[in-house]
Structures are given as structure tokens and as C-alpha cells.
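Close look at the chain arrangement
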Amino acid sequence: GDSVTQMEGPVTLSEEAFLTINCTYTATGYPSLFWYVQYPGEGLQLLLKATKADDKGSNKGFEATYRKETTSFHLEKGSVQVSDSAVYFCALNNAGNNRKLIWGLGTSLAVNP
Amino acid sequence: GAGVSQSPSNKVTEKGKDVELRCDPISGHTALYWYRQRLGQGLEFLIYFQGNSAPDKSGLPSDRFSAERTGESVSTLTIQRTQQEDSAVYLCASSFGTGSDTQYFGPGTRLTVL
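Residues numbered from 1 in each chain as written. Chains lettered and ligands numbered in written order. Predicted model: local features only at pLDDT ≥ 70, side-chain atom pairs only at ≥ 80, totals over all residues. Heavy atoms only, no water.

1. Remarks on the overall build of chain B
To be explicit about the condition: A run of H or I in DSSP becomes a helix once it reaches four residues, and a run of E becomes a strand once it reaches two; helices and strands are each numbered from the N terminus. Throughout, the radius of gyration refers to the C-alpha atoms, and the reference size of a globule is 2.2 Å times the residue count to the power 0.38. Relative accessibility decides the category of a residue: with a 1.4 Å probe and only protein chains considered, values under 20% of the type maximum give buried, values over 50% give exposed, and everything between is partly exposed.
Within chain B one finds zero helices and eleven strands. Ordered by position in the sequence, the α and β elements of chain B form the string β-β-β-β-β-β-β-β-β-β-β. Taking 13 Å as the expected radius of gyration for a compact globule of 114 residues, we find that chain B reaches 13 Å, a close match to that expectation. Taken along its principal axes, the extent of the C-alpha atoms in chain B is 40 × 25 × 25 Å. Of all 114 residues assigned to chain B, the portion counted as buried reaches 48%.

This is the structure we're talking about:
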């Protein structure tokens, strides 16, 4: 079945550092790929998404590119801020599977001033 | 407009009791999903509704779990004879339908079974 493998955390960075959180997937067909973020004490929010190969999703300075050849959707940000401290989840869904989200385990990011 | 809402936000219950968790999706969203987030584990899909029908119940962990949806709106997830392993955050999400791939999440219900 479909699955998502995500880089384990926790990740601790200093402010303005470069961030990469790796995500790879296994899926049939042509899934849509997502990054969701969960800030402390808050619910899950969609951060960005990509629906087809070579699409780049971007939001709040974060980017991820849908790479079908490497089945990857790595999350990057050039300069993190303390306010980016959160748990980040990579996920996919498939039209052939009722669009239910298949999740990675989440990566906790702490950014220190 | 209003987002997805869930109630209660927190529920503490004793082992063996039944609980009901409620989800109010975004108005007009025909698809509704329930997920569970247990401490130290990833999110797990529980059940999917399209309208008032549940074509995919494959994630329900046991027959103690059931859900219904009425009026293509509110959904209730019921857990009978709760066990300690049911302790988790239960999340509801809605979307315009399976043709739309973006799901919007509620704040969740934190269930603690003592």
C-alpha cells in the first residue's frame, strides 16, 4: 500500500539556518503530496502541496518540489525563524484511495534564537 | 468563513465507558475524514464519509468504534467500552469532495482514558 517515510527528529537549528526535512513516498498512480504543520498548542495546518510531478509548492518561505523520479518531496527553507518551531508532517493522498491522507511520522523542529 | 470545529476539545473518561466525539465540517464540504494521532505515533486514518455514506471504514481499529454523519454535515465518532489504548487526539477533516485533494482540519479532541 501507499506509504510515506519522513526524516526523524527532533531537529534543532539556530535562527537563520537552512532547513531540509526529507520525505520520500511509495504510491500507486499519481498521488498529491502535502506538508502540514502543527504549531505548539494548535491544530494541523496545510503548509504547501503539489499535485503533479515537477510542481513546486511554496508558502511562508518554505518550498518542496514533487520529484517523481526519486519519489521525494523534501521540505526546505533558506532561513528559519524561531516562529517556525513546530512539528512538520509529510503526507500523500490518491484519487484512487478516496483521498485519505497517508502520513509520515512527523519531524519536530526547534529553532533557537 | 468558519473552519472545521470539534467538540469537546478535551475528554477524560474511565475505562469501559462510551464516548462520543463531534465534528462540524466546513459548510458545503461533502467529504469528511476522521484520523487519530496517538502519542509517539503517526496519524492514522479511521473512516471517510462522502455525503452521509461511509464507503471506507478500513481504518476503524475494532468494532468498538463507529461513526455516522447526518445531513451531509455533522459527524459523530463513537467509541464504546473505551480502553486505555484509545487515548489519543482524534482529528476531523473536511474537503469539497474526492475531486479536491486539500483537507482542512479541526483542532481535535484529546481523549484520555484512565
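2. Side note on the layout of surface pockets
The probe, sized like a water molecule, is rolled over the atoms to show the empty space still left. This is how the line gets drawn: Definitions used throughout: a 1 Å grid over protein atoms alone; a cavity as a set of points that fits a 1.4 Å probe which cannot get out; a pocket as an open set with protein on both sides within 12 Å along at least five of seven lines; a lining residue as one with an atom within 4 Å of a point. Grid points are joined across faces, edges and corners, and a volume is the space filled by probe spheres set on the points.
Taken as a whole, the largest pocket holds about 670 Å³ of empty space. Around the largest pocket, the lining comprises 28 residues; the ones closest to its centre are A:Gln38, B:Gln37, B:Leu39, B:Val89 and B:Arg110. With four residues, strand β11 (residues 109-113) of chain B is the single largest residue contributor to the lining of the largest pocket.

3. Here's the deal with the sheet that holds strand β8 (residues 75-79) of chain B
Picture the strands of a sheet paired through backbone hydrogen bonds; they go either parallel or antiparallel. Residue and element names in this part refer to chain B. Put simply, the test is: Only strands that DSSP links by at least two bridges are regarded as paired with each other. Axis angles are defined between N-to-C directions and span 0 to 180 degrees, where every axis is a line fitted to C-alpha atoms and, for a helix, only to the segment in contact.
Judged by pairing direction, the sheet is antiparallel, and its four strands sit side by side in the order β1-β3-β8-β7 without closing on themselves. In the strand order of this sheet, the two ends are held by β1 (5-7) and β7 (65-69), each with one partner. Along the sheet, successive strands turn relative to each other by an average axial angle of 15 degrees, direction set aside. Relative to β8, strand β3 (residues 19-24) runs antiparallel, the two sharing five bridges. Within β8, the residue paired with Val19 across the bridge is Ile79.

4. Brief notes about the pattern of salt bridges
Once the charged atoms of two side chains with opposite charge are near each other, the side chains can pair. Residue and element names in this part refer to chain B. Let me state the cut-off plainly: Any Lys or Arg side-chain nitrogen located within 4 Å of an Asp or Glu carboxyl oxygen qualifies as a salt bridge.
Under the counting rule described, the total for this entry stands at eight salt bridges over all chains. Here Asp86 makes a salt bridge to Arg64, at a shortest N to O gap of 2.8 Å. Taken together, the residues span a long stretch of sequence, with Asp86 in the loop between β8 and β9 (88-95) and Arg64 in the loop between β6 (53-56) and β7 at a distance of 22 residues. Here Asp86 and Arg64 have matching classes, each one buried. Connected via shared salt-bridge partners are Arg36, Arg38 and Glu44.

5. A look at the interface of chain B and chain A
Our working definition: Contacts are assigned to residue pairs with any non-hydrogen atoms lying within 4.5 Å of each other. Here the buried area means the combined drop in accessible surface, using a 1.4 Å probe, for two parts upon being joined, counting both sides. Pairs of N or O atoms are called polar contacts if they sit within 3.5 Å, as long as, within protein, a hydrogen donor faces a hydrogen acceptor (for residues adjacent in sequence, only side-chain-to-side-chain pairs).
Taken residue by residue, the interface counts 18 residues in chain B and 18 residues in chain A. Summing both partners gives a buried area of about 1,500 Å² for chain B against chain A, and 54% of it is carried by carbon and sulfur. Among the residues chain B hides against chain A, the three largest losses belong to B:Leu43, B:Asp101 and B:Phe105. Together they make up 36% of the total. Here chain B is connected to chain A by one salt bridge. The partner of B:Asp56 in a salt bridge is A:Lys100, with the nearest N and O atoms 3.0 Å apart. For the pair chain B and chain A, the number of links is seven residue pairs in polar contact (both at pLDDT 80 or more).

6. A closer look at the side chain of B:Arg64
Residues and elements named next belong to chain B. According to the relative accessible area criterion, Arg64 is buried, its value standing at 12%. For Arg64, the side chain forms a polar contact with the side chain of Asp86, separated by 2.8 Å. In contact with Arg64, not counting residues within four places along its chain, are Thr78, Ile79, Gln80, Arg81, Thr82, Gln83 and Asp86.

7. Let's talk about the environment of B:Pro107
In this structure, B:Pro107 sits in the loop between β10 (104-105) and β11. B:Pro107 sits in the exposed class, given a relative accessible area of 51%. For B:Pro107 and B:Gln6, which are 101 residues apart along the polypeptide, the C-alpha to C-alpha distance reads 6.6 Å. Ignoring sequence-local partners within four residues, the contact set of B:Pro107 consists of A:Gly43, B:Val4, B:Ser5, B:Gln6 and B:Leu91.

8. Focus on the sheet that holds strand β8 (residues 62-65) of chain A
All names here are of chain A. Strands sit in the order β3-β9-β8-β7 across an open sheet of four strands; the sheet is antiparallel. The strands lining the two open edges of the sheet, one partner per strand, are β3 (19-21) and β7 (56-59). When strand polarity is set aside, the average angle formed by the axes of neighbouring strands in this sheet is 15 degrees.

9. Section: unusual backbone geometry
At the junction of A:Gly9 and A:Pro10, the peptide bond is cis and its omega measures out at -5 degrees in the coordinates. As for its position among the elements, A:Pro10 is in the loop between β1 (3-6) and β2 (11-14). The phi angle at B:Glu72 is positive, at roughly 50 degrees, despite the residue not being glycine. With respect to the element layout, B:Glu72 can be found in the loop between β7 and β8.

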